[in-house]
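So you can see what is in the structure, the chains are spelled out below.
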Amino acid sequence: MYFWYNKSKKNSLMKTVLITGATSGIGMATAKRLATEGFKLILTGRREARLTALKESLSKQTEVLTLNFDVRDKELVFKSLQSLPEAFKNIDVLINNAGNAHGLGPIDQADIDDFESMIDINVKGLLYVSKAIMPQMVARKSGHIVNIGSIAGKEVYPNGNVYCASKHAVDAISKAMRIDLNAHGIRVGEINPGLVETEFSLVRFKGDAQKAKSVYEGYKALQAKDIADLIHFMITRPAHVNIAEVLILPTAQANAVTLHKE
Ligand code: NDP
Ligand code: 8X3
């Protein structure tokens, strides 16, 4: 069964890819894209029902393991990633995608719980997952880490404050990983998208569907699949090629504050 799935998949070479935040948006689109290529997948997120449904659907194409944890739960992150079944133990590619913005407002008025969520999820969560996986990559002297940053990690825009800070941290961490893991032959890349139409705005605006929808009106935003295609491209380059950083924007967007809406 295992071999049958992948017989014709030249690119994947049976690599195992772990994607955090696979229950929605970019993570889910990436899981679907990589499944069609026969990559073995470890998919994580908090919404267990979504993980189960995704596993059921993608298992027709490849082998899938789901792990249900909050990236903020340091102990559970380590426990989950250090007790992987034999067939999924060696992680070749880590996609650090889980994250969100919580709120959009002036820094003096914003909710302190939102500050903490963004730092705890986007920064500390990414570090916990990476720390649990990097040692095995170092031991094998191979591996590839792709961090999902943001244009918000390159520019600071009004009311973006702590989300921007968390993504600037992802930018710094990505650069630091590339330096510190360089001697071990590990590739580290970072994708910094502009506006992508996902559940991101629904989370940012705390379930206000109308407000979330309006973010993507009047122009064609990037779709989660566009980022999934880029991730697929990055992780299928020859071993000597590391795409270090990509800023990817909808055509209608020029920078963090310039968006052409019809
Ligand atoms: P979505 O809201 O659609 O997806 C976010 C994913 O992250 C979900 O699968 C969610 O899973 C997971 N996640 C969030 N919090 C946690 C947590 N505490 N523990 C575990 N998993 C968590 O948004 P996107 O797909 O757009 O976002 C993916 C990444 O892309 C994020 O890092 C975001 O910052 C970044 N990004 C998004 C852009 C956009 O415009 N959409 C642009 C630039 C970057 P669950 O809730 O099940 O735990
Ligand atoms: C998500 C894109 O512009 O809302 O990181 O910060 S933006």
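About the cut-offs
The written sequence of each chain sets the order in which its residues are numbered from 1. Ligands are numbered from 1 and chains lettered from A, in the order in which they are written. Thresholds applied to this predicted model are a pLDDT of at least 70 for local features of residues and 80 or more for the giving and counting of side-chain atom pairs; totals over whole chains, interfaces and linings are not thresholded and use all residues. Each side-chain value is derived from all of the structure's non-hydrogen atoms; neither hydrogens nor water enter the calculation. In these notes, residues near a molecule or strand are those with any non-hydrogen atom within 4 Å of it. In protein, a polar contact requires one atom able to donate a hydrogen and another able to accept it; more generally it is a pair of N or O atoms within 3.5 Å, and residues adjacent in sequence count only if both atoms are side-chain atoms. Using the Shrake-Rupley algorithm and a 1.4 Å probe, accessible areas are obtained, with residue cover drawn only from the displayed protein chains. In DSSP terms, a helix is any run of H or I states spanning at least four residues, a strand is any run of E spanning at least two, and both are numbered starting from the N terminus. Asp, Glu, Lys and Arg are counted as charged, while Ala, Val, Leu, Ile, Met, Phe, Trp, Tyr, Cys and Pro are counted as nonpolar; the rest, among them Gly, fall into the polar class. Strands pair, by our definition, only if DSSP identifies at least two bridges between them. For helices, the fitted line uses only the C-alpha atoms of the stretch in contact; every axis is such a line through C-alpha atoms, and the angle between N-to-C directions lies from 0 to 180 degrees. Contact definition: two residues touch when any of their heavy atoms are within 4.5 Å.

Engineer: Explain the site of ligand 1 to me, please; I cannot follow it from the model alone.
Structural biologist: Close to ligand 1 lie 31 residues; Thr23, Ser24, Arg46, Tyr163 and Thr198 are nearest. Between ligand 1 and Thr23 there is a distance of 2.7 Å, counted from an oxygen atom to a side-chain nitrogen or oxygen. Take Gly194: an N or O atom from its main chain is 3.5 Å from an oxygen atom of ligand 1. The fraction of the free accessible surface of ligand 1 (880 Å²) that becomes covered by protein chains is 98%. The set of elements that each furnish at least two residues to the shell around ligand 1 consists of helix H2 (25–36), helix H6 (161–180) and helix H7 (200–204). Here the shell around ligand 1 is built from residues that sort into 13 nonpolar, 12 polar and six charged.

Engineer: Would you take a moment to explain the sheet that holds strand E3 (residues 64–68) for this structure?
Structural biologist: Remark on secondary structure: sheet strands pair via backbone hydrogen bonds, oriented parallel or antiparallel. Spatially, the seven strands line up as an open sheet ordered E3-E2-E1-E4-E5-E6-E9, and their pairing is parallel. A single partner strand is all that each edge strand has here, and the edge strands are E3 and strand E9 (245–248). Taking the axes of each pair of neighbouring strands and ignoring which way they run, one obtains an average angle of 15 degrees across the sheet. With five bridges joining them, strand E2 (residues 40–45) and E3 adopt parallel strand pairing. For Ile42, the partnering residue across the bridge sits in E3 and is Leu65. The strands touched by helix H9 (residues 224–235) are strand E1 (16–19), strand E4 (93–96), strand E5 (143–148), strand E6 (186–193) and E9; relative to E6, the strand with the most contacts, the crossing angle is about 160 degrees.

Remember, this is a structural readout, not a statement about activity or role.
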